[in-house]
Amino acid sequence: MPATMATAEVAAPSPPAQTMTTLWIYRVVSVLHALLMVAQPILIGRFLEGDFGSLSAHAAVGGIAMLSATLLLVAGVLVWRPGRLGLQPLIWSAAMFVLIPAQLAMGYTRTTSVHIPLGVAIVAGSVALVVWACRPGRARMSWRPRTPVEPVR
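Residues numbered from 1 in each chain as written. Predicted model: local features only at pLDDT ≥ 70, side-chain atom pairs only at ≥ 80, totals over all residues. Heavy atoms only, no water.

Section: the nonpolar core
Inside soluble globular proteins, nonpolar side chains tend to come together where they are buried. By size, the foremost hydrophobic cluster in this structure holds 22 residues, and its most contacted members are Tyr-26, Met-37, Leu-72, Ile-100, Ile-122 and Trp-132. For this core, the secondary structure elements donating two or more residues are α1 (17-48), α2 (53-80), α3 (88-108) and α4 (112-134). (Core = buried A, V, L, I, M, F, W, Y, C linked by side-chain atoms within 4.5 Å. Buried < 20%, exposed > 50% of the residue type's maximum accessible area, 1.4 Å probe, protein only. Helix = DSSP H or I, 4+ residues; strand = E, 2+ residues; numbered from the N terminus.)

Let's talk about the packing of α1 against α3
Between two packed helices, what matters for the description is the angle formed by their axes and the separation of those axes. Contact geometry of α1 with α3 gives a least axis separation of 13 Å together with a crossing angle of 35 degrees. For the element pair α1 and α3, the recorded crossing hand is left-handed. Residues Tyr-26, His-33 and Met-37 of α1 form the contact with α3, whose participating residues are Pro-89, Ser-93, Met-96 and Ile-100. (Axes fitted to C-alpha atoms, helices over the stretch in contact; angles between N-to-C directions. Left-handed = near helix turned anticlockwise from the far one by under 90°. Contact = heavy atoms within 4.5 Å.)

Notes on α2
At 3.6 residues per turn, the α-helix brings residues three or four places apart onto the same side. A rise of 1.5 Å per residue sets the reference length of α2, with its 28 residues, at 40 Å; its end C-alpha atoms lie 40 Å apart and thus fit the reference within 8%. For α2, every residue scored as buried is listed here: Ser-54, His-58, Val-61, Gly-62, Ala-65, Met-66, Ser-68, Ala-69, Leu-72, Ala-75, Gly-76 and Val-79. Those residues of α2 that are buried lie in contact with α1, α3 and α4. (Expected span 1.5 Å × (residues − 1).)

Description of α3
End to end, α3 covers 30 Å across 21 residues, agreeing with the expected 30 Å (1.5 Å per residue, within 8%). Residues of α3 that are buried include every one of Pro-89, Leu-90, Ser-93, Met-96, Ile-100 and Gln-103, and no others. Elements that come into contact with the buried residues of α3 comprise α1, α2 and α4. Once α3 ends, the next one or two residues include Arg-110, with phi positive near 60 degrees.

As for a nonpolar patch on the surface
Taken together, the side chains of Trp-24, Val-28, Val-31, Leu-32 and Leu-35 make up a nonpolar region of the molecular surface, amounting to roughly 490 Å² of accessible area. Along the polypeptide, Val-28 turns up in helix α1. (Patch = residues over 30% accessible without salt bridge, like charges linked within 9 Å, V, L, I, M, F, W, Y side chains within 5 Å. Areas by Shrake-Rupley, 256 points an atom, 1.4 Å probe, with all protein chains shown as cover. Salt bridge = Lys/Arg side-chain N within 4 Å of Asp/Glu carboxyl O.)

A look at the environment of Thr-109
Mapped onto the fold, Thr-109 is located in the loop between α3 and α4. Within the structure, Thr-109 has its side chain in polar contact with the backbone oxygen of Ala-105 (distance 2.8 Å). A distance of 2.9 Å separates a polar atom in the side chain of Thr-109 from a polar atom in the side chain of Thr-111. (Polar contact = N/O pair within 3.5 Å; in protein donor to acceptor, adjacent residues only side chain to side chain.)

Thoughts on the pattern of salt bridges
Summed over all chains, the structure comprises one salt bridge. With a closest N to O distance of 2.7 Å, Asp-51 and Arg-46 form a salt bridge. In this structure Arg-46 comes out as partly exposed when scored by relative accessible area, which is 44%.

Quick notes on the environment of Ala-105
Structurally, the position occupied by Ala-105 is in helix α3. Through-space distance from the C-alpha of Ala-105 to that of His-115 is 8.6 Å; in sequence the pair is ten residues apart.

This is the structure in structure tokens:
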């Protein structure tokens, strides 16, 4: 007679409070960063409609975006190392940290052939970061427990 084995699903371990804290920091920073990035095309659109003050607001938000990209990079490091949520958010945050100054340079030199498509990519990437960070159950899906270190013999 064949033995039947009961199969029990093993629930994924709950992430520690430290992971949840770093994820919430990343969520807040990524949402603020995305709001700034989504405001940029709106501001430049207003400028193109004749509101000339919007160009200076577009430039000012670009400068603030550099600060938010720096905060996003720091939050990405926190999510990766103490948070143990993988390397992906850090890589995307580092990309923002590199692309935002390039975007500022292209804007100030009026190289619109690069500035506009790069801006579209930055806005899309910023929104994608928010979607990644704010997905329900993100911590449980992405958390990786520490692997035990084998003793050297």
